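Listed below are the residues making up each chain.
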Amino acid sequence: MSETASFVDPVFLARFGLTRINAIDYFLHPLNPFRTKAKTSNEVLSMQGMNIGTLMAWGTGTRPGPLSLEDGEDEYRVALSRLTGEQYELLPLVNME
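The structure displayed is predicted, hence computed values, not measured ones. (Residues numbered from 1 in each chain as written. Predicted model: local features only at pLDDT ≥ 70, side-chain atom pairs only at ≥ 80, totals over all residues. Heavy atoms only, no water.)

## What about the pattern of salt bridges?
Heads up, the condition is: The rule for a salt bridge is simple: a side-chain nitrogen of Lys or Arg has to be within 4 Å of a carboxyl oxygen of Asp or Glu. Helix numbering and strand numbering both begin at the N terminus, where a helix is a DSSP run of H or I of at least 4 residues and a strand a DSSP run of E of at least 2. Any residue under 20% of the maximum accessible area for its type is buried, any over 50% is exposed, and the rest in between are partly exposed; the area is computed with a 1.4 Å probe on protein chains only.
Per the counting criterion, the structure on display carries five salt bridges. Note that Glu73 and Arg20 form a salt bridge whose closest N and O atoms lie 2.8 Å from each other. Within this pair, whereas Glu73 is found in helix H5 (residues 69-81), its partner Arg20 is found in the loop between helix H1 (10-16) and helix H2 (23-27), the two being separated by 53 residues in sequence. For Glu73, a relative accessible area of 4% gives the class buried. With relative accessibility at 24%, the residue Arg20 sits in the partly exposed group. Residue Arg35 is joined to Glu43 by a salt bridge in which the shortest nitrogen-to-oxygen separation is 2.7 Å. By relative accessible area, which is 16% here, Glu43 ends up buried. Several salt bridges converge on common partners, so that one network encompasses Arg63, Asp71, Asp74 and Glu75.

Structure, rendered in structure tokens:
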């Protein structure tokens with residue numbers, strides 16, 4: 001695969017767009033040739049119904065929702081930190097002020 005190869009799922013993008021909330025889900029798409037072959041901790045969380053969007057809407061047991069994007073990402077990072085194995089994380093937001 002060349003360095004300029006890419007992966008695009010037009011159906012996913014048309015339905016959901018691409019935002020920080022669903023970027024990890026898009027990267028873990030089963031047809032994405034760039035994803036790891038191993039099961040990731042992100043997929044384990046997803047099977048439990050946990051992703052950034054869900055955490056933002058419903059919160060957690062200790063932090064009821066709705067949560068801000070930053071708080072949702074923080075809770076997702078905390079959930080990932082409890083698991084072992086390969087994980088995909090978002091880069092922190094950069095304040096461009």
